[in-house]
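# Chains, contacts and geometry: an overview
In case you want the letters, here they are:
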Amino acid sequence: MIRFILLQNRQGKTRLAKYYVPLEESEKHKVEYEVHRLVVNRDSKFTNFVEFRTHKVIYRRYAGLFFSLCVDITDNELAYLECIHLFVEILDHFFSNVCELDLVFNFHKVYLILDEFILAGELQETSKRAIIERMSELEKLE
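Along every chain, residues carry numbers that run from 1 in the direction the sequence is written. Local features in a predicted model are, by the rule used here, given only for residues with pLDDT of at least 70; side-chain atom pairs are given and counted only at 80 or more, and totals for whole chains, interfaces and linings are based on all residues. Side-chain measures were taken over the full set of non-hydrogen atoms in the model, leaving aside hydrogen atoms and water.

## Quick look at the sheet that holds strand β2 (residues 14–19)
- Two strands are said to pair when DSSP picks up at least two bridges between them. Think of it this way: any DSSP run of H or I at least four residues long counts as a helix, any run of E at least two long counts as a strand, and we number them from the N terminus. Taken in spatial order, the five strands line up as β2-β1-β5-β4-β3 in an open sheet, and their pairing is antiparallel. Of all the strands in the sheet, the pair left with one neighbour each is β2 and β3 (49–52). Strand-to-strand, the axes of this sheet are offset by a mean angle of 20°, without reference to chain direction.
- Note: β3 against strand β4 (residues 55–62), four bridges, orientation antiparallel. Inter-axis angles, ranging from 0 to 180 degrees, are taken between N-to-C directions of lines fitted to C-alpha atoms, where helices are fitted over the stretch in contact.

## Notes on helix α2 (residues 77–95)
- For α2, with 19 residues, the first-to-last C-alpha span of 27 Å sits near the 27 Å given by 1.5 Å per residue.
- Among all positions in α2, only Tyr 80, Leu 81, Cys 83, Ile 84, Leu 86, Phe 87, Val 88, Ile 90, Leu 91 and Phe 95 are buried.
- Polar contact is the term for a pair of N or O atoms within 3.5 Å; when the atoms are in protein, one must be able to donate a hydrogen and the other to accept it, and sequence-neighboring residues count only if both atoms are side-chain atoms. One side-chain oxygen of the residue at the start of α2 lies 3.0 Å from the amide nitrogen of Leu 78, identifying that residue as Asn 76.
- In the stretch just after α2, Ser 96 is the one whose phi turns positive, near 50°. Between the first and last residue of a helix there are one fewer steps than residues, each counted as 1.5 Å, and that sum is the expected span. The buried label applies to any residue whose accessible area, calculated with a 1.4 Å probe on protein chains only, is under 20% of its type's maximum; exposed applies above 50%, and partly exposed to all values in between.

## Thoughts on the UniProt feature "domain: AP complex mu/sigma subunit" (unreviewed entry) in the protein chain
- UniProt positions are given in the numbering used here, feature names are shortened, and annotations may be inferred rather than shown by experiment. Mapped onto the present numbering, the UniProt feature "domain: AP complex mu/sigma subunit" (unreviewed entry) falls at residues 1–141.
- Taken end to end, residues 1–141 is 47% helix and 27% strand, and its two terminal C-alpha atoms sit 32 Å from one another.

## Observations regarding the packing of helix α4 (residues 107–117) against helix α5 (residues 128–141)
- One way to put it is that α4 packs onto α5 with a least axis distance of 10 Å and a crossing angle of 135°. Our classification of the angle between α4 and α5 gives oblique. Where α4 crosses over α5, the two elements pack in a sense that is right-handed. Contacts from Lys 109, Leu 112, Ile 113, Glu 116 and Phe 117 in α4 reach Ile 131, Arg 134, Met 135, Leu 138 and Glu 139 in α5.
- Under the convention adopted here, Pro, Cys and the residues Ala, Val, Leu, Ile, Met, Phe, Trp and Tyr are nonpolar, Asp, Glu, Lys and Arg are charged, and Gly plus all remaining residues are polar. In terms of residue class, the contact of α4 with α5 is built from six nonpolar, no polar and four charged. An angle below 35 degrees is treated as roughly parallel, one above 145 as roughly antiparallel, one from 65 to 115 as roughly perpendicular, and anything else as oblique. The hand of a helix crossing depends on one turn: near helix anticlockwise from the far one by less than a right angle means left-handed, and clockwise means right-handed. Whether two residues are in contact is decided by their heavy atoms: any pair within 4.5 Å suffices.

## Focus: the packing of aromatic side chains
- For this analysis, a ring pair means two rings from Phe, Tyr or Trp (six-membered ring only for Trp) whose centres lie within 6.5 Å, classed as stacked if their planes differ by under 30 degrees, edge-to-face if by over 60, and tilted for the remaining angles. Considering all chains together, one arrives at six aromatic pairs under this definition.
- Ring geometry for Phe 67 against Phe 87: centres 6.2 Å apart, planes inclined by 75°, an arrangement best described as edge-to-face. Placement of Phe 67 in strand β5 (residues 65–72) and of Phe 87 in helix α2 is noted, with a sequence separation of 20 residues between them. Neither Phe 67 nor Phe 87 differs from the other in exposure class; each is buried.

## Description of the packing of α2 against α4
- Two elements in contact, α2 and α4, have axes whose closest approach is 11 Å; the angle formed by their N-to-C orientations is 135°. The orientation of α2 with respect to α4, classified from their angle, is oblique. As for how α2 packs across α4, the hand of that crossing is right-handed. Contacts from Cys 83, Leu 86, Phe 87, Ile 90, Leu 91, Phe 94 and Phe 95 of α2 reach α4 at Lys 109, Val 110, Ile 113, Leu 114 and Phe 117.
- The class makeup of the residues in the contact of α2 with α4 is eleven nonpolar, no polar and one charged.

Here it is, written out as structure tokens:
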């Protein structure tokens, strides 16, 4: 199960945070700080999986953004690494070459895409085409 998803820039500014387990606001800030310190200082020759408390953080860096997922220790790392890549591909298709500012100014759309993709901490849809079609339908309603 996915515990939380964080999108952070290199400076540690959180651009998107979605928690699937209840945490206090102070604990959320602490977790965001710890995860950022964990992934930003990691050498690129190491794997993109790192133990974090009693869970695992799976992360990937795209340009200046770190996409991080915290999952159960027994979950498949490669499946979630592919999940991150699929999420980035969907964002890239939806925003036509996505950048950090797209995430900042269209955060509601990013959360909508995320909700089509992941539900209650579990992968809901893995088809890029199905998610993009659903987002197109929702765009027509606006």
